[in-house]
Amino acid sequence: MLKKYSVNDISKYFSIPKQTIRFFEDKGLIHSHRNPDNGYRYYTYEDINQIFDLIVFHPLNFKIQELNTLLNEADSNDYMNMLEQKKSELQAQIDHLQALTKQVNSTIQDIQQVQNKIDKPFEIVTCPQLIIDDLTNYSPNGILFATPY
């Protein structure tokens, strides 16, 4: 006879919230079966394998459509290709964040230099009607440090 696993069983077995299982089902990634006697949802061994795959791949930022492909159409080569693609996407995000971090650090240095030069805190404002005290307050990063007139 087919072994049936409840939402509670799966939640305990994988140490995941029941809401996660419901989320996967709401998104169409898994499909429960219904016990005709009590209406409770249950899952089979095959369903548990899919849930395991979702637990592995969902935290890796795969989109729902990609997860669906992984579960229903993919073989091991597809898994590897999708993981390599995800790795490339993540590396691009890392590169972008590193560039932003570099820009933030440069802006911090610019502000510190100006602050040290005038020896007091100042406000950075954007307003078209500013009189620039001197052009040395212009940063190579495109940030304008000016004193309102």
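Residues numbered from 1 in each chain as written. Predicted model: local features only at pLDDT ≥ 70, side-chain atom pairs only at ≥ 80, totals over all residues. Heavy atoms only, no water.

Draft legend 1. Local environment of helix α4 (residues 64-72). All buried positions along α4 are accounted for by Glu 66, Leu 67, Leu 70 and Leu 71. Each buried residue of α4 lies within a common arc of 135 degrees when the element is viewed along its axis, so the set occupies one face. In this structure, the buried residues of α4 make contact with α3 (45-57) and α5 (76-118). (Buried < 20%, exposed > 50% of the residue type's maximum accessible area, 1.4 Å probe, protein only. Helix = DSSP H or I, 4+ residues; strand = E, 2+ residues; numbered from the N terminus. Arc of directions from axis to C-beta. Contact = heavy atoms within 4.5 Å.)

Draft legend 2. Expanded view of the packing of aromatic side chains. Scanning all chains against the criterion turns up five aromatic pairs. Both rings, one in Phe 57 and one in Phe 62, keep their centres 5.7 Å apart while their planes meet at 85 degrees; by these two values the pair is edge-to-face. When sorted by exposure, Phe 57 lands in the same class as Phe 62, which is buried. For the pair Phe 57 and Tyr 79, a centre-to-centre distance of 5.2 Å together with 85 degrees between the ring planes defines the contact as edge-to-face. Linking Phe 57 in helix α3 with Tyr 79 in helix α5, this pair joins segments that are 22 residues apart in sequence. When its relative accessible area of 7% is taken as the criterion, Phe 57 is described as buried. Its guanidinium or amino end placed over the ring of Tyr 42, Lys 4 lies 4.7 Å from that ring's centre, counting from NZ or CZ. The ring of Phe 62 has Lys 86 sitting right over it, with the charged end atom 5.1 Å from the ring centre. (Phe/Tyr/Trp six-rings, centres within 6.5 Å; stacked < 30°, edge-to-face > 60°. Lys NZ or Arg CZ within 6 Å of the ring centre and 35° of its normal.)

Draft legend 3. The arrangement of unusual backbone geometry in detail. Its identity is not glycine, yet Ser 15 carries a phi of approximately 55 degrees, on the positive side. Phi at Asn 61 takes a positive value of approximately 70 degrees, unusual for a residue other than glycine. Note on placement: Asn 61 falls in the loop between α3 and α4. Relative accessible area serves as the criterion here: at 51%, Asn 61 is assigned to the exposed category.

Draft legend 4. The arrangement of the nonpolar core in detail. One finds Ile 10, Ile 21, Ile 30, Tyr 43, Ile 51, Leu 54 and Leu 67 to be the most contacted residues of the largest nonpolar core, which totals 18 residues. Listed by contribution, the elements that provide at least two residues to this core are α1 (7-14), α2 (18-26), α3 and α4. Per-element tally for this core: the top contributor is α3, with four residues. Not counting the four nearest positions on each side in its chain, Leu 67 is found in contact with Leu 29, Leu 54, Phe 57, His 58 and Phe 62. (Core = buried A, V, L, I, M, F, W, Y, C linked by side-chain atoms within 4.5 Å.)

So, to be careful, I would describe these as geometric facts and stop short of saying anything about function.
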